[in-house]
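Summary of structural features
Here is what each chain is made of, one letter per residue.
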Amino acid sequence: MIRYAARRLALAIPTLLGITLVTFAVIRLAPGDPAMAGEGRGGTLTLSPETYARLSAAYGLDRPAWRQYVAWLWDLLRMDFGRSFHDGRPVADKIAERLPVTLLLAGGATFLSLSFSIPIGLLSAARRGGVFDRLAGIVLYALYSVPRYVMAMVLICLVGVEWGWLPFYGSTSEGFADLPWLGKTGDLLRHFTLIVVCFTYPLVAYQARFVRANLLEVMGQDFIRTARGKGLREWTVITRHAMPNTLIPLITMLGLLLPSLLGGSVILETMFGWPGLGQLMFAATLQRDYPTVMGLTVVTASLVLLGTLLTDLAYAAADPRVRYE
Amino acid sequence: MAGAGVLLFLLVVAFLRPVLASRLPVVCRYQGRWHFPGLVETIRTLPLVSYVVGPSRPLGLPSFDVRAAVAESSSVIPALIPYDPLEYSSDVLRPASRSHWLGTDELGRDVAARLVHGTAVSLRVGFGAMGIAAIIGVLLGACAGYVGGWVDAVISRVIEVFLCFPTFFLVLALAVWIEEPGVGQVAILIGLTGWTPIARLTRGEMIRLRDSGLALASRAMGATRRRIIFRHLLPNAMAPVIVTITFGIAHAVLVEAGLSWLGFGVPAPNPSWGVMLRSAYDHMLTAPHLVYPPCVALFVTVLAYNWIGDALRDAADPRANPAWA
């Protein structure tokens, strides 16, 4: 297991380097450069040549590209993401204060989706072809086809605006600071609800189908027949013998969902005014805040890499056959 | 099959948009002569035709004279939705009525007309983006899978790196650098960031096929490497790739709509479902009727592609991600 972990980690390092390289290249390929950032899109350069030269030197743009890359990489290794162009604050701070928020969203969505999809998948497989199974199939398929931000718009429109049941913007209401501790939690939760629902429902649709298919396949195997032959109750057969074998592919699939969760967060967080990484990315993009954009891209890509790595390790821990590949 | 039907409907709507939604009548009799401006425009808007035929001169008049001329004509059969999608009016934010079947948006433009023309924009971006992604992905994947060795190692690392970036983060980081976003540029952008799943799949298929009897027989006949890959192996590898491409088109449409919602997609007056969603979002409190048309359109499109993709997948590889059955 240790050897497998070491191998996976070793493989991850060139990927990490690749991430930094791609991020850097994408920014460097841009027409214009940070020294002209204030001019906006396609604006003519109104800085005097001396000012431009000074700005370029300050940003290190007069050095060859590879030296800039190495310098930036070295800063990254020391966790120095530079300072934002927009408000001068260290990028690392801006990311750090929003990271937990987005992770809360991603984690909450994953947890919620699993709590729904596993029972739904279980029930559908156990009573295959029954009313619940067919109904769930249709409903989940329809839900899966609704894009997240479409659902968000509809929910905001109906639940937020027309019916007014739940707040739909920001993470707190006015007067948040005056609320007692319990009120604060409740307020946060109410703001959290709509956006988490939007993140969760496609996951449920996808995972339930997965669980159901896997469970059906597992249930057709011999060791289940043995278990039933031993006289165990059906419930025990399913939960103690079939389910654990289904969970392993589920774990693998979870890790693969991370990029889509983080990517989808840009639009949804902007729509709901949720102060997470996605909203920061969009704002920084609008403001041409290059250090923030670069820092965010590297951080999110690294997070995804970490997620994939953890998933692989979890898979290897659960299924010993993997370690010997 | 229903999916194919819906897609066909969408394609028809997109192609016939000058007949369905335009200020130009389908048929009219102006100054004693029969004219077919709607039909002529339909042919002119087919891909590539406009470069050959030249700019639009309905009724042989410059465009600002057309309305007056139509008013003078007899035997007029107007388009189904007799409004231009770009035409402002003072009838701002009206809900659905007899004259405007889906209402008007914040600039007085008819929503139904914009929906129809938006179909063409979204589909064009979807197909264009996937076409680019498919070409890049298949080429790289085939080379990586067949040639192996360091070529494979490099390409696989590149794929892995790209897979770590959440879609929107990468697309946004690239979108900022486009000076004048146009429909074509958006398609290229989405294609450039969406080729990785196709490449990975093609590579897997090539690896599976390169040691097969087919490849061996071709090699024994003395075929060059290029011939083996393209003429013999690839056609057999394409089945799952086509499935991925189908789902990818839906994904590209969604990414385009998302980009347009954020303001980085199709430029301003062009109707796109994402732009319409943005108008709806901005004016949700005063004009909730704007929300539903683009939402329904996007939902129907994704549903259709999911149907088609699932059917294709069942035909190609029934065990892959089994349908709910």
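For every chain, the first residue of its written sequence is number 1, and the numbers climb from 1 along that sequence. Whichever chain is written first is A, and whichever ligand is written first is 1; the rest continue in order. Local features are withheld for residues below a pLDDT of 70 in this predicted model, meaning they are given only at 70 or higher, and side-chain atom pairs are given and counted only at 80 or more; totals for whole chains, interfaces and linings count all residues.

**Here's the deal with the overall build of chain B**
Along chain B, the regular secondary structure elements total 14 helices and three strands. Working definition of burial: number of other C-beta atoms within 10 Å of the residue's own, with buried at 20 or more, exposed at 12 or fewer, and partly exposed in between, all C-beta atoms being placed from the backbone. A buried classification covers 46% of the 325 residues belonging to chain B. Once C-beta atoms have been placed from the backbone, residue pairs whose C-beta atoms lie within 7 Å are recorded as contacts. Long-range contacts, defined here as pairs at least 24 residues apart, represent 67% of the contacts in chain B between residues at least 6 apart. Here a strand is any run of E in DSSP of at least two residues, a helix any run of H or I of at least four, and the numbering for each starts at the N terminus.

**Regarding the overall build of chain A**
The number of helices and strands found in chain A is 11 helices and zero strands. When its helices and strands are written in sequence order, chain A yields α-α-α-α-α-α-α-α-α-α-α. Counting over 325 residues, chain A shows a buried share of 33%.

**Description of the interface of chain B and chain A**
Taken residue by residue, the interface counts 36 residues in chain B and 43 residues in chain A. Elements with a minimum of two residues in the side of chain B that touches chain A: α7 (149–164), α8 (167–175), α12 (225–262), α13 (273–282) and α14 (292–316) of chain B. When residue character is reported, Ala, Val, Leu, Ile, Met, Phe, Trp, Tyr, Cys and Pro are called nonpolar, Asp, Glu, Lys and Arg charged, and the others, Gly included, polar. Looking at the side of chain B that touches chain A, its residues break down into 30 nonpolar, three polar and three charged.

**Considering the domain arrangement of chain B**
Residues and elements named next belong to chain B. Entries for chain B in the domain assignment read domain 1 (2–107) and domain 2 (113–320). Contributions of two or more residues to the side of domain 1 that touches domain 2 are made by α1 (2–15) and α2 (17–20). When residues in the side of domain 1 that touches domain 2 are grouped by element, the largest group, nine residues, is from α1. All domain edges in this entry derive from an automatic or database-based domain assignment.

**A short note on the environment of Val237 of chain A**
Residue and element names in this part refer to chain A. Within the secondary structure, Val237 sits in helix α9 (residues 234–272). Judged by the 20 C-beta atoms lying within 10 Å of it, Val237 falls in the buried class. In the structure, Val237 is positioned 18 residues away from Met219 in sequence and 9.1 Å away in space, judged by C-alpha atoms. Ignoring sequence-local partners within four residues, the contact set of Val237 consists of Ile224, Ala227, Arg228, Leu232 and Ala242.

**Quick word on the nonpolar core**
What we call a nonpolar core is a set of buried Ala, Val, Leu, Ile, Met, Phe, Trp, Tyr and Cys residues whose membership is set by joining through C-beta atoms within 7 Å. Ranked by internal contacts, the top residues of the largest apolar core, which has 144 residues, are Met153 of chain A together with Val171 and Leu172 of chain B. Considering every element that reaches this core, the biggest residue donor is helix α6 (residues 111–147) of chain B, with 18 residues. Sequence-distant contacts of Leu172 of chain B, defined by excluding residues within four places in its chain, comprise Val266, Met281, Phe282 and Thr285 of chain A together with Phe264 of chain B.

**Things to note about the environment of Ser218 of chain B**
All names here are of chain B. Locating Ser218 in the fold gives a position in helix α11 (residues 213–220). For Ser218, a count of 19 C-beta atoms within 10 Å puts it in the partly exposed group. C-alpha separation for the pair Ser218 and Arg231, spaced 13 residues apart in sequence, amounts to 9.8 Å.

**What to know about the packing of helix α6 (residues 148–162) of chain A against helix α7 (residues 181–219) of chain A**
Residue and element names in this part refer to chain A. Every axis corresponds to a line fitted to the C-alpha atoms, with the helix fit spanning only the stretch in contact, and the corresponding angles, defined between N-to-C directions, vary from 0 to 180 degrees. Relative to each other, α6 and α7 sit at 140°, their axes nearing to 10 Å. For the element pair α6 and α7, the recorded crossing hand is right-handed. Taking contact as the criterion, the partners of Arg148, Met151, Ala152, Leu155, Val159 and Gly160 in α6 are, on α7, Leu194, Val197, Cys198, Tyr201 and Pro202. Broken down by class, the residue content of the contact of α6 with α7 amounts to nine nonpolar, one polar and one charged. Helix crossings are classified by the rotation of the near helix relative to the far one: an anticlockwise turn of less than a right angle makes the crossing left-handed, while a clockwise turn makes it right-handed.

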